[in-house]
Amino acid sequence: MDVKSNHTAPVLTDPAPLSKSRLGVHSNLFPYSPTGAAFSPSLFLTIPRKKTGVLDDVRSSSWLDAMKASSPPHRKITKDVNNESPAYDADIAYRTWMAKYPSALKSFEQITNKAKGKRIALFLDYDGTLSPIVDNPDCAFMSDAMRAAVKKVAKYFPTAIISGRSRDKVYEFVGLTELYYAGSHGMDIMSPVEQSILEDHPNCFRSSDKQGKDVNLFQPAREFLPMIQEVHKSLIENTKGIEGAKVENNKFCVSVHYRNVDEKSWNIVAQCVEDILKDYPRLRLTHGRKVLEVRPVINWDKGKAVTFLLESLGLSDCHDVLPIYVGDDRTDEDAFKVLRERNCGHGILVSNVPKETNAFYSLRDPSEVMEFLKSLVIWKKSSAL
Ligand SMILES: O=P(O)(O)OC[C@H]1O[C@H](O[C@H]2O[C@H](CO)[C@@H](O)[C@H](O)[C@H]2O)[C@H](O)[C@@H](O)[C@@H]1O
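Please read all numbers here as calculations on a predicted model, not as lab measurements.

Here we come to the site of the ligand. Taken together, 21 residues surround the ligand, and among them V134, E248, R259, R289 and E293 come closest. Measuring from an oxygen atom of the ligand, one finds a side-chain N or O atom of D125 at 2.7 Å. Within the complex, 99% of the 570 Å² of free accessible area of the ligand lies under protein. When atom positions are compared with the pocket grids, the ligand is found to occupy the largest cavity. At the level of elements, strand 10 (254-257) and strand 12 (291-296) are the ones that each hand at least two residues to the shell around the ligand. Taken together, the residues of the shell around the ligand sort by class into seven nonpolar, five polar and nine charged. Mapped onto the domain boundaries, the shell around the ligand takes at least three residues apiece from domain 1 (103-220 + 300-383) and domain 2 (224-296).

Printed below as a string of structure tokens:
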């Protein structure tokens, strides 16, 4: 992420992806078409290229800048009125940004007015949305209070968790059976069999959940599983000498965390990932919060997962359903964008710093997310009276 000066309000933009060579992407490999794979052609990802041959989404700042800016610094909202302090400037910038992306709590009435006569469908990201960002990804537990709030809200509205984590891992953290789960940035979706409009889809198959209930699994990147496992192994091997680096297997993608790596060694982390990806042109790299994420080159993301879930749950009619998506990360932008483009539903960005976003509203942190979920329940109960 880099800071763009927009008069008084500096706005964080997404981190620039690694350059073409850093991505290990070869120009003759797009669009990718896996031989013999059961893929729908619409899943092939075509990354637009300029005439220069430089990928469109590659910006001028380097991968190291992107890594440095990949997670906004923690900051306290200060009451300091010394108008020369940087904290004062940051507060002004945040308030200016909030005028464009108002608090979903303060705009609650506006949001629920739009929901009148409709069913709300709720989509929630996990890390940074339901649980605070912590140094050890294995310890990103959600609080009992948050779990209770999610459980309650799911009683009234169909609710799905869409996470970059593996579906099993995020289920382990959340532990609620009444939700729908999509892991690996939407590349692993579990949905009920009752609405099996997608049963004939090549990447959809029948399975059973932890309670032994029949479910449909949609895994558009299934074919990549052996490749991801191989890369996961190599990443562990090659980063083991870098103090603080952590590789996480998210089933259809792999995360390489550098939150606990000394900043002076971030270039070594990037180099390691680059060296491995050079041999895997069918994989690409995206940035999250102090994490490099390796994933298959397919046209599938959290936005597509939202559309898929709305369809498979019979909730795709905009006249009857108001989808709300709450998330904090760059990958959530794909979902915000889908809702914005459908002109149906609300994206809510969780951030305590100004960021460029496709969301409509904002919430400062997970505690505000919890308050928002509780407000939805109160509103629903009172509107049913
Ligand atoms: O889509 P999400 O549910 O938000 O998952 C995105 C990534 O979240 C996790 O990493 C982030 O949270 C960690 C725990 O707070 C933090 O230590 C890390 O720096 C963050 O990037 C998860 O570990 C990743 O695998 C997910 O891809």
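What follows continues from the structure just given.
Another aspect to go through is the sheet that holds strand 3 (residues 119-124). What the nine strands build is an open sheet, ordered 7-8-6-5-4-3-13-14-15; its pairing is mixed. Edge positions in the open sheet fall to strand 7 (204-208) and strand 15 (361-363), since each of these has one partner strand only. In this sheet, neighbouring strand axes are inclined to one another by 25° on average, regardless of whether the strands run parallel or antiparallel. Two elements, strand 3 and strand 13 (residues 321-327), share six bridges in a ladder whose sense is parallel. Bridging from a neighbouring strand, L122 pairs with I324 of strand 13. Across the sheet, helix 4 (residues 108-115) touches strand 3, strand 13, strand 14 (346-350) and strand 15, and the angle it forms with strand 13 is around 145°.

Put simply, helix 5 (residues 144-156) and helix 11 (residues 366-383) touch, their axes get as near as 9 Å, and they point 35° apart. Seen along the crossing, helix 5 lies across helix 11 with a hand that is left-handed. Seen from helix 5, the contacting residues are A145, M146, A149, V150, K152, V153 and Y156; seen from helix 11, they are P366, V369, M370, L373, K374, L376, V377, K380 and K381.

Within this structure, the stated rule accounts for three cavities of 30 Å³ or more. Considered as a void within the structure, the largest cavity measures approximately 350 Å³ in volume. Along the wall of the largest cavity there are 24 residues; nearest its centre are D127, I133, R165, H257 and V291. Broken down by secondary-structure element, the contributors of at least two residues to the lining of the largest cavity are strand 10 and strand 12. In the lining of the largest cavity, the residues fall into five nonpolar, eight polar and 11 charged. If you count residues domain by domain, the lining of the largest cavity takes at least three from each of domain 1 (103-220 + 300-383) and domain 2 (224-296).

Further remarks concern the domain arrangement of the protein chain. Its domain assignment divides the protein chain into domain 1 (103-220 + 300-383) and domain 2 (224-296). Relative placement of domain 1 and domain 2: their C-alpha centres are 26 Å apart. Counting residues at the interface gives 20 residues for domain 1, matched by 17 residues for domain 2. Carbon and sulfur atoms supply 51% of the area buried between domain 1 and domain 2, which totals about 1,600 Å² over both sides. Our count for the domain 1 to domain 2 interface comes out at three salt bridges. K246 is the partner of D138 in a salt bridge, and the nearest nitrogen-oxygen pair spans 2.9 Å. Of the residues that constitute the side of domain 1 that touches domain 2, the class distribution is five nonpolar, eight polar and seven charged.

In this model helix 3 (residues 86-100) runs 22 Å from its N-terminal to its C-terminal C-alpha over 15 residues, within 8% of the 21 Å that 1.5 Å per residue would give. Among the residues of helix 3, D91, A93, Y94, W97 and M98 are the ones counted as buried. Buried residues of helix 3, seen end-on, are gathered within an arc of 165° and therefore sit on one face of the element. In this structure, helix 3 carries R95, A99 and K100 as exposed residues pointing more than 90 degrees from its buried face.

Taken in spatial order, the four strands line up as 9-10-12-11 in an open sheet, and their pairing is antiparallel. Strands at the two margins of the open sheet, each flanked by one partner only, are strand 9 (246-249) and strand 11 (283-288). Within this sheet the neighbouring strands show an average axis-to-axis angle of 20°, counted without direction. Taken together, the four bridges between strand 9 and strand 10 define a ladder with antiparallel strand orientation. Bridge pairing in strand 10 places V247 opposite V256.

Scanning the model with the defined rule gives 17 salt bridges in all. Three or more residues are tied together by salt bridges with common partners; here these are D125, K302 and D332.

With that settled, the discussion passes to the layout of surface pockets. Left-over empty space is what a probe sized like a water molecule reveals as it rolls over the atoms. Put simply, the second largest pocket is a space of about 410 Å³. What lines the second largest pocket is a set of 25 residues, among which T177, L179, M190, D209 and V215 lie closest to the centre. Residue assignment for the lining of the second largest pocket shows that the elements contributing at least two residues are helix 6 (167-174), strand 5 (180-183), strand 6 (188-192) and strand 8 (214-218). By residue class, the composition of the lining of the second largest pocket is 12 nonpolar, five polar and eight charged.

Both faces of strand 10 are covered, namely the face carrying V254 and V256 and the face carrying S255 and H257. Where strand 9 hands over to strand 10, the hairpin turn is made up of four residues, of which K251 adopts a positive phi near 70°. By the bridge criterion, four bridges tie strand 10 to strand 12 in an arrangement that is antiparallel. What sits directly across from V256, in strand 12, is L292.

The rules behind each value
Residues numbered from 1 in each chain as written. Predicted model: local features only at pLDDT ≥ 70, side-chain atom pairs only at ≥ 80, totals over all residues. Heavy atoms only, no water. Near = heavy atom within 4 Å. Polar contact = N/O pair within 3.5 Å; in protein donor to acceptor, adjacent residues only side chain to side chain. Areas by Shrake-Rupley, 256 points an atom, 1.4 Å probe, with all protein chains shown as cover. 1 Å grid on protein atoms, 1.4 Å probe; cavity = no way out; pocket = protein on both sides within 12 Å on 5 of 7 lines; lining within 4 Å. Sits in = over half its atoms within 2 Å of the grid points. Helix = DSSP H or I, 4+ residues; strand = E, 2+ residues; numbered from the N terminus. Nonpolar A, V, L, I, M, F, W, Y, C, P; charged D, E, K, R; others polar. Domains from an automatic or database assignment. Pairing = 2+ DSSP bridges. Axes fitted to C-alpha atoms, helices over the stretch in contact; angles between N-to-C directions. Contact = heavy atoms within 4.5 Å. Left-handed = near helix turned anticlockwise from the far one by under 90°. Points joined across faces, edges and corners; volume = space filled by probe spheres on them. Buried area = accessible area lost by both parts, 1.4 Å probe. Salt bridge = Lys/Arg side-chain N within 4 Å of Asp/Glu carboxyl O. Expected span 1.5 Å × (residues − 1). Buried < 20%, exposed > 50% of the residue type's maximum accessible area, 1.4 Å probe, protein only. Arc of directions from axis to C-beta.

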